[in-house]
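# Inside the fold
Each chain, written out:
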Amino acid sequence: MFEDFLYLLRGSGLKVSMTEWMALQEALDKNLHEASFTGFYHLCRCLLVKSEADFDRFDSCFLEYFRNVPFQQEVSQELLNWLDRPNAGQGEYDEQQAELNETLSFDEIEEMFAERMNEQREQHNCGNYWVGTHGMSVFGNSGMSPIGIRVGGKSQGKRAFRVAGERRFRDFRNDNTLDTRQFQVALRRLRQYSGLVDLPKTEFDVDQTIQDTADNGGLLKVRYKRPRENTVKVLLLMDSGGSMEEFNTLCSALFQAVTKTGHFKNLKVYYFHNCIYSRLYNDPSLFYRNSTTTEWVIHNIPGDYKVIYVGDAQMAPHELRSRYYAARQNADLPQSGLEWFQLLRSKYRNSIWLNPSRRPDFGDYWSDTYDAIAEIFPMFPLTVEGLEDGMKKLLTR
Amino acid sequence: MKEFKGSRSYVASEELLRAVNIAMVLEKPLLIKGEPGTGKTVLAEAIAEALGKKLIIWNIKSTTKAQDGLYVYDVVQRLYDSQFGGEGVDNIEKYVHLGKLGDAFLDDEQVILLIDEIDKADLEFPNDLLWELDRMEFHIPETGRTVTAKHRPIVIITSNAEKELPDAFLRRCVFHYIDFPDRDLMAEIVRVHIPDLDEHLLDQVLTAFYKIRSLPQIKKKPSTSEIIDWLQALMHAGINPDRVMKEIPYLGVLLKKNEDIDVLRRNWR
């Protein structure tokens, strides 16, 4: 049954497998859609789609494929805007019209709806003909017809047999083609097992138990060892805004991977713009009121943290070298971006810089800061491979 | 086959009810995702209550391994016992303790098994459970015994989307995403929990609540359980509803992070 739909879904990037498709067929056999269109929609969605981020994609495929079944065009945004008036006054109830409406079959209504979609040019409400709200017609929303198609608005009388053009999950859509799982797997290399670290001995040590029991003339001596646990702590510093915009997807994939891996003992994230000066920001919007002094970070985050900088390292040379942006009041603090980087470097021995951009081929203006930063920090490209190399670098003592 | 229609204390959307029933009929695990506080965990309790079945909860932690849910072989205890020639040391069965999944398989009636917050565990955790959830059986090599489910349990799995789940695992599940309740549904949910509620207070509280949630700077957004606690605190103290929007009394019940409270104080008007 409608195999084309399967291929349409797969073609649009949804990973629907045979397992799921067969499950859908089985469900249809068992009448789990309760012979209703909405039921069929829900059934398809909960069996074929496995992430809320794909709901929107699924909805548009569903609309495309079953469009001919229920109606001819997608519902235009203009129409939906006309229909978005939940608090408008109620029109008058017309009993005759209600009875008339009830005699219409679903197919007839669908046909009429397709007609209206073609001829309707403006807003019509409280009536019994056009697609509108609070009226007696069989289309629109918040109306009083005992039967019809809801277009836009919110469910009120629950008498609609179908909801046209509803794509509620638009917000969740993230056209994120990058597989963060790949990044996660690369990040897993970043681990250092405790063994020397102070942790209670809770794990049964087979080898040592056998050894000691044998030494003890066969009398059992149970031995425990410290469990293996990742002790790596990570400080992630990300460049945000400006020239980094074009790498947004890539950086957010990395960010997702780092935060979701969850196997680090501790993870701190701060943001900066182009270069680090006296302040680091707590979120990518870089508001002053939501920031922390870099000095505080250096004092409070111990040197055994592994630091990952993410940025394109390209800026105007004066942003890196000039004294203008740095803390001018306090002579004890670094006086330029470059000095801040050097201070951070000396505090955190294990640091790498991940760069989503390539070194500019021409123009000293841009490559100058790139080279200067690459001199301070080992720099790796932000790719799965570069990440793997970077992780190795971070683990060297 | 009994059908789940919601319960006295749980307000479920029509889509959710349908997803639950689909999962039950198709005998597939139901994977529930959604923001914290949208009632994922409570759902399992509601289903258990509505169908009159026993609920077994397997809480997943970051250290949980798939094996823990099947059985644990207490080798240390056996070793100790063998020292003193204790009774039944040669009976390995005595030292094999079943985990939650094992319990669910061997129960005399059909149970509901909740695997709570599966995303807390290791990346590979769901893959390690594929066979067991598919075939509803597992093998214990130590005793040579195969544990097969007497009655296929209804499996409900929740996830906070902290980690992506592997595709092979997802393929076997029925998926439902619990959307954060809109204002009307929230009002209904709150009324179920607090029956005699002053409508004016509820209105003020909901307005403040959704306004707070809409502030982008708030890191940990308040959810259903917080609004219920907040309402109870306000009612207990007899706060005049008109003060709610102005002062946000008992803010600590709603926001749990210091930074969030500061942010709100700065941005509230």
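Coordinates for the structure precede this section.
Keep in mind that what you see is a predicted model, and the values were worked out from it rather than measured.

### So, the overall build of chain B
Assigned secondary structure in chain B consists of 14 helices and nine strands. Counting the 269 residues in chain B, one finds 49% classified as buried. Here the contacts in chain B between residues at least 6 apart in sequence split such that 73% fall between residues at least 24 apart. For chain B, the exposed surface amounts to about 12,700 Å²; the carbon and sulfur share of it is 49%.

### Here's the deal with the packing of aromatic side chains
Within the structure shown, the criterion is met by 23 aromatic pairs over all chains. Summarising the aromatic geometry, the rings of A:Phe272 and A:Trp353 are spaced 6.4 Å apart at their centres and angled 65° between planes, so their arrangement reads as edge-to-face. Remark: A:Trp353 occurs in strand β12 (residues 351-355) and A:Phe272 occurs in strand β8 (residues 266-272); sequence separation between them is 81 residues. Overall, the relative accessible area of 0% leaves A:Trp353 in the buried class. Taken together, the ring pairs connect A:Phe5, A:Phe40, A:Tyr41, A:Phe58, A:Phe62 and A:Tyr65 into an aromatic cluster. The ring of B:Phe180 has B:Arg213 lying over it, and the distance from NZ or CZ to the ring centre is 3.4 Å.

### Let's talk about the interface of chain A and chain B
If you look at the interface, chain A gives 42 residues, while chain B gives 35 residues. Here chain A meets chain B over a buried area of about 3,500 Å², counting both sides, of which 54% is carbon and sulfur. The tally of links from chain A across to chain B stands at two salt bridges. With a shortest N-O distance of 3.1 Å, A:Lys15 and B:Asp167 are connected by a salt bridge. Among the elements that line the side of chain A that touches chain B, the one with the most residues is helix α3 (residues 37-48) of chain A, at seven residues. Of the residues contributing to the side of chain A that touches chain B, the split by class is 15 nonpolar, 12 polar and 15 charged.

### Brief notes about the sheet that holds strand β1 (residues 30-34) of chain B
Within a sheet, adjacent strands bond to each other through the backbone by hydrogen bonds, running parallel or antiparallel. Residue and element names in this part refer to chain B. Pairing in this open sheet of five strands is parallel, and the strands run β2-β5-β8-β1-β9 from one edge to the other. Edge positions in the sheet fall to β2 (54-59) and β9 (174-178), since each of these pairs with one other strand and no more. Taken pair by pair, the neighbouring strands of this sheet meet at an average axis angle of 20°, ignoring direction. In terms of strand pairing, β2 meets strand β5 (residues 111-116) through six bridges, oriented parallel.

### Considering the pattern of salt bridges
All names here are of chain B. Under the criterion given, the structure shown has 19 salt bridges over all chains. Among the ionic pairs, Glu-27 bridges to Arg-152, the shortest N-O distance being 4.0 Å. Here the residue Glu-27 occupies a position in the loop between α1 (14-26) and β1, and Arg-152 occupies one in the loop between β7 (145-148) and β8 (154-159), the gap between them amounting to 125 residues. We classify Glu-27 as partly exposed; its relative accessible area is 47%. The partner of Lys-256 in a salt bridge is Glu-226, with the nearest N and O atoms 3.2 Å apart. Taken as a pair, Lys-256 in the loop between α13 (251-254) and α14 (258-267) and Glu-226 in helix α11 (residues 224-237) lie far apart in primary sequence, 30 residues in all. Of the residues examined, Glu-226 reaches a relative accessible area of 6% and is grouped as buried.

### Description of the state of the cysteines
Tallying each qualifying case throughout the model produces zero disulfides over all chains. You can see A:Cys44 has no disulfide; the closest cysteine sulfur is in A:Cys46, sitting 8.9 Å from it.

### What to know about unusual backbone geometry
All names here are of chain B. Backbone geometry at Met-136 places phi at a positive 55°, although glycine is not the residue there. Mapped onto the elements, Met-136 comes out in the loop between α7 (130-135) and β6 (137-140). Phi is positive for Ile-248, close to 50°, though the residue is something other than glycine. Within the element layout of this structure, Ile-248 appears in the loop between α12 (241-247) and α13.

### Focus on the side chain of B:Arg18
Structurally, B:Arg18 can be placed in helix α1. Classification of B:Arg18 as buried rests on a relative accessible area of 7%. When residues no more than four places from it in sequence are discounted, the contact partners of B:Arg18 are A:Leu32, A:Glu34, A:Ser36, A:Thr38, A:Gly39 and A:His42.

About the cut-offs
- Residues numbered from 1 in each chain as written.
- Chains lettered and ligands numbered in written order.
- Predicted model: local features only at pLDDT ≥ 70, side-chain atom pairs only at ≥ 80, totals over all residues.
- Heavy atoms only, no water.
- Helix = DSSP H or I, 4+ residues; strand = E, 2+ residues; numbered from the N terminus.
- Buried < 20%, exposed > 50% of the residue type's maximum accessible area, 1.4 Å probe, protein only.
- Contact = heavy atoms within 4.5 Å.
- Areas by Shrake-Rupley, 256 points an atom, 1.4 Å probe, with all protein chains shown as cover.
- Phe/Tyr/Trp six-rings, centres within 6.5 Å; stacked < 30°, edge-to-face > 60°.
- Lys NZ or Arg CZ within 6 Å of the ring centre and 35° of its normal.
- Buried area = accessible area lost by both parts, 1.4 Å probe.
- Salt bridge = Lys/Arg side-chain N within 4 Å of Asp/Glu carboxyl O.
- Nonpolar A, V, L, I, M, F, W, Y, C, P; charged D, E, K, R; others polar.
- Pairing = 2+ DSSP bridges.
- Axes fitted to C-alpha atoms, helices over the stretch in contact; angles between N-to-C directions.
- Disulfide = S-S within 2.5 Å.

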